[in-house]
Amino acid sequence: MQSWYMLTLTGEDRPAIVAKVTQMLFEHNMTLGEASMLRLGGNFTIMMMVGGELDQKHLEQVLEPVLAQLGLSLHIDAMKGGLHRHVPPNIMVRVSGADRAGIVARVTGVLAETGFNILDLTSDVAGTAQQPVYIMQIAGVATVPLESLEEAVSSLREEGIEVNVSPVEMLVG
Amino acid sequence: MEPLQILTIPDDRLKQPSEPVTSFDDELRDFVAELELARQQGPAAVGIAAPQVGVLRRIAIVDCSNTRKPVSNHGNLVLINPEITHWDGYEVGREGCLSVPDYTGNVIRATRIRLKAMDEQGDEREFEMEGYEARAVQHEIDHLDGILFIDRVVSRRTDLFKRKVYR
């Protein structure tokens, strides 16, 4: 079985970054596994699983020219794990509230106490510069009943954080 | 009886539109029974469509009567030449597919539909349904048109309000 590296690239966003980086990887016989690219605060960010024959040092050398040209910074970790390990979420948590320090820590702290495992978290600041609003969606796996989760998050509402918890009913057809 | 094999992507037959059924005979009813068996052998599948076993005919089965959390349903439905005549509202839900192993994604479907279909005797039936069952029917009818849920998955950030387009 081939070994995987986790590549993290960040930098100023511009068109064709993904195309140029993946072309370079392809030319060196490296394959891609799962990947996630997001634009965060106007920045390009991507994390991707890359596998193949190159070792970490050569991988860095191969990417160096294209990254210099694009002004990206690179981080590589040898990683454990692999493909085909998807876990479907059974709970979706939606959060919103006036932006203030500590919302994520409070909400995820309460969830963690119930044994909730976060699979996917997306958060954003909406509203205006004067009145920023924090909005977050969390998908994950709960091992306690919905009612117990509801009870756990109810204390957050008293703190002015709007939280709703709903089951994700998977349909297989 | 050997169970029917479920085709998985990238099998080209999953991308073909299916032909309407014209004769309602014992051969059809035998096939429906085999298709139901294949559905029951799938892991928790609430629906199956004939193209998923390589038969390009407009036949599907939907059964939401046995979900983990009970949902409104019309029991075990054999849907032949099904047609959605009316739809209303839309919502996002998570789907997987016997033909797409190890992948699930969010898909926008109509919340409520009116459906016309024949049963395996050739009798025309009409249904009004909503939510989970309506979603399952839309997923199966997509199979009859050569469309998979992965063709409709919405990006978690950007596409959430994109309208579903029916052919």
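This write-up is about the structure you can find in this document. (Residues numbered from 1 in each chain as written. Chains lettered and ligands numbered in written order. Predicted model: local features only at pLDDT ≥ 70, side-chain atom pairs only at ≥ 80, totals over all residues. Heavy atoms only, no water.)

1. Focus: helix α2 (residues 56-70) of chain A
In an α-helix there are 3.6 residues to a turn, and that puts residues three or four apart on one side.
Residues and elements named next belong to chain A.
Link 1 in the chain: With 15 residues, α2 ought to run about 21 Å at 1.5 Å a step, and its terminal C-alpha atoms sit 20 Å apart, in line with that.
Link 2 in the chain: Most pronounced at E64, the bend in α2 amounts to some 45°, and the proline P65 follows within four residues.
Link 3 in the chain: Those residues of α2 that fall on the buried side of the exposure criterion are L59, V62, L63, V66, L67 and L70.
Link 4 in the chain: Of the surrounding elements, those touching the buried residues of α2 are β1 (4-12), α1 (17-27) and β4 (72-79).
Link 5 in the chain: Positive phi appears at G71, one or two residues downstream of α2, with a value of about 70°. (Helix = DSSP H or I, 4+ residues; strand = E, 2+ residues; numbered from the N terminus. Expected span 1.5 Å × (residues − 1). Bend = angle between axes of the 7 residues up to and from the residue. Buried < 20%, exposed > 50% of the residue type's maximum accessible area, 1.4 Å probe, protein only. Contact = heavy atoms within 4.5 Å.)

2. Quick word on the interface of chain A and chain B
Link 1 in the chain: Contact residues are listed per partner, giving 21 residues for chain A and 23 residues for chain B.
Link 2 in the chain: Interface area, chain A with chain B, both sides summed: about 1700 Å², of which 51% is carbon and sulfur.
Link 3 in the chain: In terms of surface lost to chain B, no three residues of chain A exceed L171, V172 and G173 of chain A, which account for 40% of the buried area on that side.
Link 4 in the chain: In this structure, the connection of chain A to chain B is made through one salt bridge. (Buried area = accessible area lost by both parts, 1.4 Å probe. Salt bridge = Lys/Arg side-chain N within 4 Å of Asp/Glu carboxyl O.)

3. Regarding the packing of aromatic side chains
Residue and element names in this part refer to chain B.
Link 1 in the chain: As enumerated under the stated definition, the model contains one aromatic pair over all chains in all.
Link 2 in the chain: Between Y103 and F149, the aromatic rings sit 6.3 Å apart at their centres with planes inclined by 35°, giving tilted as the arrangement. Here F149 lies in the segment after α2 (131-144) and Y103 lies in strand β4 (residues 100-118), a separation of 46 residues in the sequence.
Link 3 in the chain: According to the relative accessible area criterion, F149 is buried, its value standing at 1%. (Phe/Tyr/Trp six-rings, centres within 6.5 Å; stacked < 30°, edge-to-face > 60°.)

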